[in-house]
Amino acid sequence: MSDTEIATDRVRENTVELVTEAEATGRVAELYDEIKEARDGDLADDLSLSKLWLLLGNDPELLEAFWHHTDHMYNGGSLPFELKSKISLVVASVMECEGCKFFHESALEHLGADPEEITDLKRLDIDETSFSPTEAVVLQFTQKAADSPHSITDEDLAALRDLGLSERELLEILDCIAFHVYTAVLQATAGIVYPGMDREEWTELL
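Counting restarts for each chain, with residues numbered from 1 along the sequence as it is written. Residue-level local features of this predicted model are given only where pLDDT is at least 70; pairs of side-chain atoms are given and counted only at 80 or more, and the full residue set underlies all totals for whole chains, interfaces and linings. Computation of side-chain values covers all heavy atoms of the structure but excludes hydrogens and water.

Q: Help me get a handle on the environment of D71, residues and values and all.
A: Checked against the element boundaries, D71 lands in helix α4 (residues 60-75). Residues D71 and I35, 36 residues apart in the sequence, show an inter-C-alpha distance of 9.3 Å. A distance of 2.7 Å separates polar atoms of two side chains, one belonging to D71 and the other to N75. The helix count covers DSSP runs of H or I at least four residues long, the strand count covers runs of E at least two residues long, and both are numbered beginning at the N terminus. Whenever a nitrogen or oxygen atom comes within 3.5 Å of another N or O atom, the pair is scored as a polar contact, on the condition that within protein one atom can donate a hydrogen and the other can accept it, and that pairs from neighbouring residues in sequence are kept only if both atoms are in side chains.

Set out below in C-alpha coordinates:
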(Lines give C-alpha, C1' and ligand atoms only; values in the text may rest on other atoms or scores of the structure.)
Protein backbone atom coordinates (compact mmCIF):
# COMPACT_ATOMS: atom_id res chain seq x y z
CA MET A 1 0.00 0.00 0.00
CA SER A 2 1.41 3.43 -0.95
CA ASP A 3 1.86 6.32 1.47
CA THR A 4 -0.97 8.14 -0.31
CA GLU A 5 -3.35 5.20 0.20
CA ILE A 6 -2.36 4.97 3.86
CA ALA A 7 -2.96 8.69 4.32
CA THR A 8 -6.34 8.53 2.55
CA ASP A 9 -7.45 5.66 4.79
CA ARG A 10 -6.82 7.84 7.84
CA VAL A 11 -8.82 10.87 6.70
CA ARG A 12 -11.88 11.26 8.92
CA GLU A 13 -15.12 12.87 7.86
CA ASN A 14 -16.54 13.17 11.37
CA THR A 15 -14.29 15.72 13.06
CA VAL A 16 -14.66 18.45 15.67
CA GLU A 17 -15.55 21.67 13.87
CA LEU A 18 -13.08 24.55 13.69
CA VAL A 19 -13.84 28.20 14.36
CA THR A 20 -12.25 30.11 11.49
CA GLU A 21 -11.07 33.70 11.75
CA ALA A 22 -14.09 34.80 9.72
CA GLU A 23 -16.41 33.08 12.19
CA ALA A 24 -14.65 34.19 15.38
CA THR A 25 -16.28 36.83 17.56
CA GLY A 26 -15.69 38.45 20.93
CA ARG A 27 -12.83 37.10 23.04
CA VAL A 28 -11.99 34.36 20.53
CA ALA A 29 -11.41 36.95 17.79
CA GLU A 30 -9.28 39.02 20.19
CA LEU A 31 -7.17 36.01 21.11
CA TYR A 32 -6.69 35.01 17.48
CA ASP A 33 -5.33 38.51 16.80
CA GLU A 34 -3.10 38.35 19.88
CA ILE A 35 -1.67 34.97 18.87
CA LYS A 36 -0.97 36.11 15.31
CA GLU A 37 0.65 39.34 16.46
CA ALA A 38 2.86 37.55 18.99
CA ARG A 39 4.06 35.09 16.34
CA ASP A 40 4.61 37.56 13.53
CA GLY A 41 8.02 36.84 12.01
CA ASP A 42 8.57 33.67 14.05
CA LEU A 43 6.80 31.28 11.66
CA ALA A 44 5.76 30.93 8.06
CA ASP A 45 2.71 33.13 7.50
CA ASP A 46 0.42 30.16 6.82
CA LEU A 47 1.20 28.61 10.23
CA SER A 48 0.80 31.50 12.68
CA LEU A 49 -2.78 30.49 13.49
CA SER A 50 -2.94 26.73 13.03
CA LYS A 51 -5.89 24.36 13.10
CA LEU A 52 -5.10 23.67 16.75
CA TRP A 53 -6.05 27.24 17.65
CA LEU A 54 -9.16 27.08 15.46
CA LEU A 55 -10.17 23.91 17.29
CA LEU A 56 -9.72 25.60 20.67
CA GLY A 57 -11.79 28.50 19.40
CA ASN A 58 -14.86 26.46 20.37
CA ASP A 59 -14.08 27.28 24.02
CA PRO A 60 -12.85 30.84 24.71
CA GLU A 61 -11.71 30.03 28.26
CA LEU A 62 -9.75 26.97 27.19
CA LEU A 63 -8.25 28.90 24.27
CA GLU A 64 -7.07 31.65 26.61
CA ALA A 65 -5.61 29.26 29.19
CA PHE A 66 -3.89 27.26 26.46
CA TRP A 67 -2.42 30.41 24.89
CA HIS A 68 -1.08 31.67 28.23
CA HIS A 69 0.48 28.27 28.93
CA THR A 70 2.06 28.18 25.48
CA ASP A 71 3.46 31.68 25.85
CA HIS A 72 4.92 30.94 29.28
CA MET A 73 6.34 27.59 28.19
CA TYR A 74 8.31 29.05 25.29
CA ASN A 75 9.11 32.54 26.59
CA GLY A 76 9.32 31.95 30.34
CA GLY A 77 11.84 29.95 32.31
CA SER A 78 15.57 29.82 31.63
CA LEU A 79 15.99 27.15 28.95
CA PRO A 80 16.63 28.42 25.40
CA PHE A 81 13.66 28.83 23.08
CA GLU A 82 15.51 26.81 20.43
CA LEU A 83 16.01 23.84 22.76
CA LYS A 84 12.32 23.84 23.66
CA SER A 85 11.45 24.00 19.96
CA LYS A 86 13.65 20.96 19.34
CA ILE A 87 11.97 19.13 22.22
CA SER A 88 8.62 19.98 20.62
CA LEU A 89 9.64 18.59 17.23
CA VAL A 90 10.89 15.35 18.79
CA VAL A 91 7.55 14.88 20.56
CA ALA A 92 5.66 15.66 17.35
CA SER A 93 7.73 13.06 15.51
CA VAL A 94 7.17 10.40 18.18
CA MET A 95 3.42 11.13 18.17
CA GLU A 96 3.19 11.24 14.34
CA CYS A 97 1.50 14.63 14.52
CA GLU A 98 2.06 16.04 11.03
CA GLY A 99 0.55 19.44 11.79
CA CYS A 100 2.74 19.73 14.88
CA LYS A 101 5.80 18.85 12.80
CA PHE A 102 5.01 21.51 10.17
CA PHE A 103 4.71 24.09 12.94
CA HIS A 104 7.87 23.26 14.91
CA GLU A 105 9.94 22.74 11.77
CA SER A 106 8.95 26.24 10.62
CA ALA A 107 9.84 27.71 14.02
CA LEU A 108 13.29 26.11 13.93
CA GLU A 109 13.87 27.28 10.35
CA HIS A 110 13.10 30.85 11.40
CA LEU A 111 15.56 30.49 14.28
CA GLY A 112 18.26 29.52 11.77
CA ALA A 113 18.61 25.90 12.94
CA ASP A 114 20.75 23.58 10.82
CA PRO A 115 18.50 21.89 8.20
CA GLU A 116 20.29 18.58 8.82
CA GLU A 117 19.47 18.84 12.54
CA ILE A 118 15.82 19.42 11.71
CA THR A 119 15.81 16.36 9.45
CA ASP A 120 17.48 14.27 12.18
CA LEU A 121 14.86 15.41 14.72
CA LYS A 122 12.02 14.39 12.40
CA ARG A 123 13.68 11.01 11.85
CA LEU A 124 14.39 10.68 15.60
CA ASP A 125 18.04 10.18 14.72
CA ILE A 126 19.47 11.80 17.84
CA ASP A 127 23.09 11.33 18.90
CA GLU A 128 26.13 13.37 19.84
CA THR A 129 27.43 13.42 16.27
CA SER A 130 24.57 15.71 15.22
CA PHE A 131 23.84 17.53 18.46
CA SER A 132 25.81 18.88 21.39
CA PRO A 133 26.25 16.42 24.29
CA THR A 134 23.76 18.40 26.37
CA GLU A 135 21.16 18.53 23.60
CA ALA A 136 21.61 14.84 22.85
CA VAL A 137 20.86 13.88 26.48
CA VAL A 138 17.79 16.13 26.66
CA LEU A 139 16.41 15.08 23.27
CA GLN A 140 16.99 11.36 23.87
CA PHE A 141 15.17 11.75 27.19
CA THR A 142 12.38 13.55 25.33
CA GLN A 143 11.99 10.75 22.82
CA LYS A 144 11.83 8.11 25.54
CA ALA A 145 9.40 10.10 27.70
CA ALA A 146 7.02 10.85 24.83
CA ASP A 147 7.07 7.26 23.63
CA SER A 148 6.81 5.51 27.01
CA PRO A 149 6.69 7.78 30.08
CA HIS A 150 6.59 4.86 32.52
CA SER A 151 9.92 3.66 31.15
CA ILE A 152 11.75 6.69 32.57
CA THR A 153 14.21 5.57 35.25
CA ASP A 154 16.11 7.18 38.11
CA GLU A 155 19.17 7.04 35.87
CA ASP A 156 17.38 9.01 33.15
CA LEU A 157 16.59 11.85 35.53
CA ALA A 158 20.09 11.64 36.99
CA ALA A 159 21.51 12.12 33.49
CA LEU A 160 19.55 15.38 33.20
CA ARG A 161 20.72 16.54 36.63
CA ASP A 162 24.30 15.75 35.66
CA LEU A 163 23.95 18.46 33.00
CA GLY A 164 23.60 20.97 35.85
CA LEU A 165 19.90 21.53 35.36
CA SER A 166 17.91 22.89 38.28
CA GLU A 167 14.64 21.35 39.48
CA ARG A 168 12.78 24.20 37.79
CA GLU A 169 14.59 23.51 34.52
CA LEU A 170 13.75 19.81 34.82
CA LEU A 171 10.12 20.82 35.18
CA GLU A 172 10.44 23.05 32.10
CA ILE A 173 11.54 20.02 30.09
CA LEU A 174 8.84 17.74 31.49
CA ASP A 175 6.14 20.36 30.93
CA CYS A 176 7.23 20.93 27.34
CA ILE A 177 7.15 17.19 26.63
CA ALA A 178 3.79 16.60 28.29
CA PHE A 179 2.22 19.68 26.71
CA HIS A 180 3.09 18.54 23.21
CA VAL A 181 1.94 14.97 23.83
CA TYR A 182 -1.37 16.55 24.87
CA THR A 183 -1.61 18.73 21.75
CA ALA A 184 -0.86 15.75 19.50
CA VAL A 185 -3.52 13.60 21.18
CA LEU A 186 -6.04 16.44 21.13
CA GLN A 187 -5.61 17.04 17.41
CA ALA A 188 -5.57 13.36 16.47
CA THR A 189 -8.71 12.51 18.43
CA ALA A 190 -10.48 15.62 17.10
CA GLY A 191 -9.69 14.35 13.60
CA ILE A 192 -7.74 17.37 12.35
CA VAL A 193 -4.38 15.60 11.88
CA TYR A 194 -3.35 12.15 10.72
CA PRO A 195 -0.05 10.49 9.73
CA GLY A 196 0.83 11.37 6.16
CA MET A 197 -1.14 14.63 6.06
CA ASP A 198 0.51 17.18 3.79
CA ARG A 199 1.06 20.83 4.60
CA GLU A 200 -1.42 22.09 2.00
CA GLU A 201 -4.25 20.19 3.68
CA TRP A 202 -3.09 21.30 7.12
CA THR A 203 -3.37 24.96 6.10
CA GLU A 204 -6.40 24.79 3.79
CA LEU A 205 -8.73 26.58 6.23
CA LEU A 206 -6.18 29.11 7.44
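More follows now that the structure is in view.
Q: How would you sum up the packing of aromatic side chains? Please name residues and give values.
A: Any pair of Phe, Tyr and Trp rings, taking the six-membered ring for Trp, is counted once the centres come within 6.5 Å. Such a pair is stacked with planes under 30 degrees apart, edge-to-face with planes over 60 apart, and tilted for the rest. Taken as a whole and assessed by the stated rule, the structure comprises 5 aromatic pairs. Consider the rings of W53 and F66, whose centres lie 5.2 Å apart with planes at 80 degrees: the pair is edge-to-face. With W53 in helix α3 (residues 51-56) and F66 in helix α4, the pair connects residues that are 13 residues apart, well separated along the chain. We note that W53, like F66, is buried. Judged by centre distance (4.8 Å) and plane angle (35 degrees), the ring pair of F66 and F179 falls under tilted. One end of the pair, F66, is in helix α4; the other, F179, is in helix α10 (residues 167-190), and 113 residues separate them in sequence. Comparing F66 with F179, the two get one shared label, buried. In this structure an aromatic cluster arises from ring pairing among W53, F66, W67, F179 and Y182. Categorising residues by exposure relies on relative accessible area from a 1.4 Å probe, with only protein chains included: less than 20% of the type maximum marks a residue as buried, more than 50% marks it as exposed, and the intermediate range marks it as partly exposed.

Q: Mind laying out helix α8 (residues 133-147), listing which residues take part and the relevant values?
A: Expected helix span is computed as 1.5 Å times (number of residues minus one). Taking 1.5 Å per residue as the helical rise, α8 with its 15 residues ought to reach 21 Å, and the 21 Å between its terminal C-alpha atoms agrees with that figure. Residues of α8 that are buried: E135, A136, V138, L139, F141, T142, A145 and A146. A contact between two residues is defined here by any heavy atoms of the two lying within 4.5 Å. The inward-facing, buried residues of α8 abut α5 (81-94), α7 (115-123), α9 (154-161) and α10.

Q: Please provide a residue-by-residue account of the pattern of salt bridges, values included.
A: Should a side-chain nitrogen of Lys or Arg be within 4 Å of a carboxyl oxygen of Asp or Glu, the pair is scored as a salt bridge. Across all of its chains, the model carries 11 salt bridges by this definition. For E64, the salt bridge goes to R27, with nearest N and O atoms at 2.7 Å. On the criterion of sequence distance, the pair formed by E64 in helix α4 and R27 in helix α2 (residues 26-38) is long-range, its members being 37 residues apart. Relative accessible area serves as the criterion here: at 24%, E64 is assigned to the partly exposed category. Here K86 ties to E135 by a salt bridge, and the two come within 2.8 Å at their closest N and O atoms. You can see K86 sitting in helix α5 and its partner E135 sitting in helix α8, a full 49 residues away along the chain. The residues K86 and E135 share a single accessibility class, namely buried.

Q: Please give an account of the confidence of the model for the chain that cites residues and values.
A: Counting all residues, the mean pLDDT for the chain is 89, and 89% of those residues have values of 70 or more. Think of pLDDT as the predictor's per-residue confidence, scored from 0 to 100. Within the model, pLDDT remains below 50 along residues 1-8, and this stretch shows 5 contacts once partners closer than five positions in the same chain are excluded.

Q: Residue-level account of the packing of α5 against α10, with values.
A: Where α5 contacts α10, the axes come no closer than 9 Å and their chain directions differ by 40 degrees. By the angle class used here, α5 and α10 are oblique. Taken as a pair, α5 and α10 cross one another with a handedness that is right-handed. Judged by residue contacts, K84, I87, S88 and V91 of α5 engage E172, I173, C176, I177, H180 and V181 from α10. To define axes, lines are fitted to C-alpha atoms, for helices over the stretch in contact only, and angles between the resulting N-to-C directions are given on a 0 to 180 degree scale. Throughout this description, any angle smaller than 35 degrees is read as roughly parallel, any larger than 145 degrees as roughly antiparallel, any in the 65 to 115 degree range as roughly perpendicular, and the remainder as oblique. Left-handed describes a crossing whose near helix is turned anticlockwise from the far helix by less than a right angle; the clockwise case is right-handed.

Q: Give a detailed account of the side chain of T70, specifying residues and quantitative values.
A: For T70, the position within the fold is in helix α4. On the accessibility criterion, T70 (4% relative accessible area) is buried.

Q: Can you tell me about the nonpolar core, naming the residues and giving the values?
A: Only buried residues count toward a nonpolar core. Its members are Ala, Val, Leu, Ile, Met, Phe, Trp, Tyr and Cys residues joined through side-chain atoms within 4.5 Å. Grouped together as the largest cluster of nonpolar side chains are 54 residues, with contacts concentrated most on Y32, W53, L63, I87, I173 and I177. Secondary structure elements with two or more residues in this core: α2, α3, α4, α5, α6 (98-111), α7, α8 and α10. Apart from the residues lying within four places of it in its own chain, the contact partners of I87 are V138, L139, T142, I173, C176 and I177.

Q: How would you sum up the state of the cysteines? Please name residues and give values.
A: To count as a disulfide, a pair of cysteine sulfur atoms needs to be within 2.5 Å. The final tally for this structure, using the stated rule, is 1 disulfide. Paired through a disulfide, C97 and C100 show a sulfur-sulfur distance of 2.0 Å. Every disulfide takes its handedness from the sign of the S-S torsion; for C97 and C100 that torsion is 65 degrees, giving right-handed. For C97, a relative accessible area of 1% gives the class buried.

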